[in-house]
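A look at the structure
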Amino acid sequence: MSEFNGLVSKGADSNVSPFAFSDMLLFLILIHVLTSLSLQFFAVIFTTCFLKFYLYPMSKIKSAFFCNNCGYESTKWLGKCPSCNTWNSFVEEIIDKGNNKEQSWKEYHPEKKSAKVIALQDVVSSEEKRIITKDTELNRVLGGGIVCGSIVLVAGEPGIGKSTLFLQDALMMQSLTILYISGEESEHQIKMRADRLKISNENFYLLTETGLQTIFSEIKKLKPELVIVDSIQTLQSSLIDSGAGSVSQIRECAAEFQRFAKETNTPVFLIGHITKDGTIAGPKILEHMVDTVLQFEGDRHYAYRILRTLKNRFGSTAELGIYEMTGEGMHIVSNPSEILITQREEQLSGTAISATLEGMRPLLIEVQSLVTQSVYGTPQRTVSGFDLRRLQLLLAVLEKRGGFLFGTKDVFVNIAGGLKIEDPSIDLSVIVALLSSYEDAPVPHNICFAGEIGLNGEIRAVNRIEQRIAEAEKLGFEKIIVSKYNKKSFNPKNFKIEIVAFNQVQEVYQHLF
C-alpha cells in the first residue's frame, strides 16, 4: 500500500514501501505511549505536526491517458478520442500533480507587474520590437524579423536541414548572446557543422542537455538574448514521470519555455519533429501555445527548400522563404524564378512555363509532361509535385471538351525543381504541356501561362494577376496567356509584355498549334 486514510506516504513513489510502514508503526506506538501516560495534549500536538509536515507535503503521483494525436487527457482509456475522433490513440502516462511542484526557472528580469483589468481603448498600441537577422528569407516569413518575447515552433522532416538553417542564422547574429540547446547531438557534432559553415561567433554558446531544470539553471547564469531548442521532443522535466517525447512532457516543457519567453521578453525557437503523416509530432495544443509555426519542407533529393508560415500572430501566413541546400549551408534564393526555369538552347515538346504564386511571392516554374502510347490495359498516371486527382480532372476535360484520346496514353507530369504546387493557376500550363507532348510540337520559349481550368473547358480568372504579369515581364518573357475574365483586373498599358486573353482551352490550342 502507498496510501493511508487518503493521505499519501513516502512510499507513493515506489511499488513497495517498507520504510513508510515502519514510520507509521513508530507513529502509532508514540501516540499509544503518550495517551497511556495521560499526556493527551502532547499527543494531539504530535499528531498535528506529523500530519502537517510529513504526510501532506508528499507528492501524489497518478496516471492519466493522453491522445497521441491532439493531447486530450482522460482518466480512463477510450477507444475513440472525443476531441479529434482518432481511434486507438490513447496511451497511459504517469504524471505528477503534487503540491510540491515548483517552477523550473525564476525570472531574472525586473519584477513582473501585477495583472489588472484595463479598457481596450486605454491600451496604447505600438510596434513590436523585432530583431532583424541577416537571413532575409527568415525575416520575410516571420513578418519582418524576430519579435522579442515570441516563441516560434519550426517543424520538418528528418534530414531536411532544420538544424543547419538555425545554427547558421544563430552564428550570423553576432551582436546577440545566443544559447543553442541540443538534445540530439553532441558538442563535437555541432562544432563540425559550424566549421563547415565557416562562420565564427564569440557570443554563441552550446548546451547539450535534456533535463529541463538543468537547462533553466544554465539560462539563469548566461542570461541569453535568444534561445534555440533542438528539439522539443527530447526534453524531459523531472516534475513529470513519463518519458521524453510523451504528450505530457512536450506540453510541460513547451509551457515552461512559453512562460520564460513572455516574462523575460526573450525569443525562443523550438525545433520539432513531424509524424509520418506530415503533421507536427506531439499534442495539437503545442501549436496553439506558440506564437508562430514554421514548416520547413522540400525533397531531400533536390537542393531547394521552402520555409512556409502556417501560423503567425505578428504577421501574414502567406509568406515563404526559399533556400538552396549546399555543402556550406543554406543559401538564400532571392530570385527563384531564374533557377526554376531550365535554360535550354533547343525547344522541346511537353514543356510550358507557368506564372504561379507561392504565398505572396510570384514564381515562374516549368511544367514538364510526357504522353506516350500505353502498352498495358490500364494507362499510367504519374505525377511529381502536382495533384494526381487534379491531373485526372484535366485529362477528362481534354477528352470531353477537346476530343483528345488520352484514355489509351500513359501520362507523366513533373514540376521542375522538386517543388509541390497547389496553386490552381498552374492548370493552363499543365494543359498546354500535355497538348504539346500529345502533338509533339514545342511551345515557344518566350510564352508563359496563368489560368485555372473549369470542368466545361473554360479558362477561369486567377488572383493577383498583376504580380504574375510583372514577374514574367521582369524575366524577359514576350507574351503571357491569361483568362479573358482577368481583363478587368489590370491595365495592359502598364506592362510592356504582350498580354493575350482567351476564354476556352480550344482557343489556346488553335493559337499555339
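In this report, we go over the structure that sits alongside the text. Every residue gets a number counted from 1 within its own chain, in the order that chain's sequence is written. Selection of residues for local features in this predicted model requires a pLDDT of at least 70, selection of side-chain atom pairs for listing and counting requires 80 or more, and totals for whole chains, interfaces and linings are taken over all residues. Only hydrogens and water are set aside when side-chain values are computed; all heavy atoms of the structure are taken into account.

1. Some remarks on the pattern of salt bridges
To be explicit about the condition: A side-chain nitrogen of Lys or Arg and a carboxyl oxygen of Asp or Glu constitute a salt bridge if their distance falls within 4 Å. Here a strand is any run of E in DSSP of at least two residues, a helix any run of H or I of at least four, and the numbering for each starts at the N terminus. Burial classes: relative accessible area under 20% of the type maximum marks a residue as buried, over 50% as exposed, and values in between as partly exposed (1.4 Å probe, protein chains only).
Inspection of every chain in the model, using the stated rule, returns 19 salt bridges. The shortest N-O distance in the salt bridge between E137 and R361 comes to 3.1 Å. Here E137, found in helix 3 (residues 136-141), pairs with R361, found in strand 18 (residues 361-373); they are 224 residues apart in sequence, far enough to count as distant. Assigned by exposure class, E137 and R361 land together as buried. Each of E137, R140, E319 and R361 takes part in a single network of salt bridges with overlapping partners.

2. As for helix 7 (residues 247-264)
Rule in force here: To estimate the expected span of a helix, count its residues, drop one, and scale the result by 1.5 Å.
Along its 18 residues, helix 7 runs 26 Å from first to last C-alpha, staying within 8% of the 26 Å computed at 1.5 Å per residue. Taken from the residues just after helix 7, N265 is the one with a positive phi, measuring 60°.

3. What about the sheet that holds strand 25 (residues 498-502)?
The condition that has to hold: The rule for pairing is simple: two strands pair if DSSP sees at least two bridges between them. The angle between two axes is taken between their N-to-C directions and runs from 0 to 180 degrees, where each axis is a line fitted to C-alpha atoms and a helix contributes only its stretch in contact.
Read across the open sheet, the seven strands follow the order 19-20-18-17-21-24-25; overall the sheet is mixed. If you trace the sheet from one side to the other, it starts and ends with strand 19 (381-384) and strand 25, each paired once. With strand direction ignored, the average angle separating the axes of adjacent strands in the sheet is 25°. Alignment of strand 17 (residues 351-358) against strand 18, held across eight bridges, turns out to be antiparallel. Looking at strand 18, one finds that T351 is bridged to Q368.

4. Comments concerning the environment of Q373
Short version of the rule: Any two residues whose heavy atoms approach within 4.5 Å at even a single point are treated as in contact. In the analysis that follows, any N or O atom pair within 3.5 Å is treated as a polar contact, provided that within protein one partner can donate a hydrogen and the other can accept it, and provided that, for residues neighboring in sequence, both atoms belong to side chains.
Within the secondary structure layout, Q373 lies in strand 18. Note: C-alpha distance between Q373 and K409 (36 residues apart in sequence) is 4.6 Å. Residue contacts for Q373: discarding those within four places in its chain leaves T408, K409 and D410. At 3.3 Å, the side chain of Q373 and the backbone oxygen of T408 are in polar contact. A polar atom in the side chain of Q373 sits 3.0 Å from the side chain of K409.

5. Considerations on the sheet that holds strand 15 (residues 320-326)
Ordered by their spatial adjacency, nine strands build an open sheet running 10-9-11-12-8-13-14-15-16, and the pairing between neighbours is mixed. On the outer flanks of this sheet lie strand 10 (204-207) and strand 16 (329-332), each paired with one strand and no other. In this sheet, neighbouring strand axes are inclined to one another by 25° on average, regardless of whether the strands run parallel or antiparallel.

6. Points about the nonpolar core
As a reminder, the rule being used: Put simply, a nonpolar core is a bunch of buried Ala, Val, Leu, Ile, Met, Phe, Trp, Tyr and Cys residues held in one set by side-chain atoms that sit within 4.5 Å of each other.
Counting 43 residues, the largest nonpolar core has L434, F449 and I481 as its most contacted members. Non-local contacts of I481, meaning those with residues more than four positions away in its chain, are made with L428, I447, C448, F449, A450, V500, F502, V508, H511 and L512. Membership of the second largest hydrophobic core comes to 31 residues, among which are I146, L171, I178 and Y323.

7. A look at the packing of aromatic side chains
Put simply, the test is: Each Phe, Tyr or Trp ring (for Trp, its six-membered ring) is paired with any other whose centre lies within 6.5 Å, and the angle between the two planes then decides the class: stacked below 30 degrees, edge-to-face above 60, tilted in between.
For the structure shown, the criterion picks out eleven aromatic pairs. Ring geometry for F216 against F257: centres 5.0 Å apart, planes inclined by 40°, an arrangement best described as tilted. On the criterion of sequence distance, the pair formed by F216 in helix 6 (residues 212-222) and F257 in helix 7 is long-range, its members being 41 residues apart. For the pair shown, F216 and F257 are each scored as buried. The interplanar angle of 55° and the centroid separation of 6.5 Å between the aromatic rings of F404 and F406 together place this pair among those described as tilted. Relative accessible area serves as the criterion here: at 12%, F404 is assigned to the buried category.

8. Some words on the environment of R361
Residue classification places R361 among the buried residues on the basis of a relative accessible area of 6%. Sequence-wise, R361 and P336 are 25 residues apart; in three dimensions their C-alpha atoms are separated by 9.9 Å. Not counting residues up to four positions away in its chain, the partners in contact with R361 are E137, R140, L320, I322, V333, P336 and T356. Looking at R361, its side chain comes within polar contact range of the side chain of E137, at 3.1 Å.

9. Some details on the pairing of strand 17
Here strand 17 lies mainly inside the structure; eight of its eight residues are buried. Across the two faces of strand 17 the burial is the same, with T351, I353, A355 and L357 and A352, S354, T356 and E358 all buried. Taking the residues that link successive antiparallel strands as the turn, the strand 17-strand 18 hairpin has two residues, and the phi of G359 there is positive, at about 70°. Sheet topology note: the strand 17/strand 21 (residues 447-449) ladder contains two bridges and is parallel. By the bridge assignment for strand 21, S354 is matched with F449.

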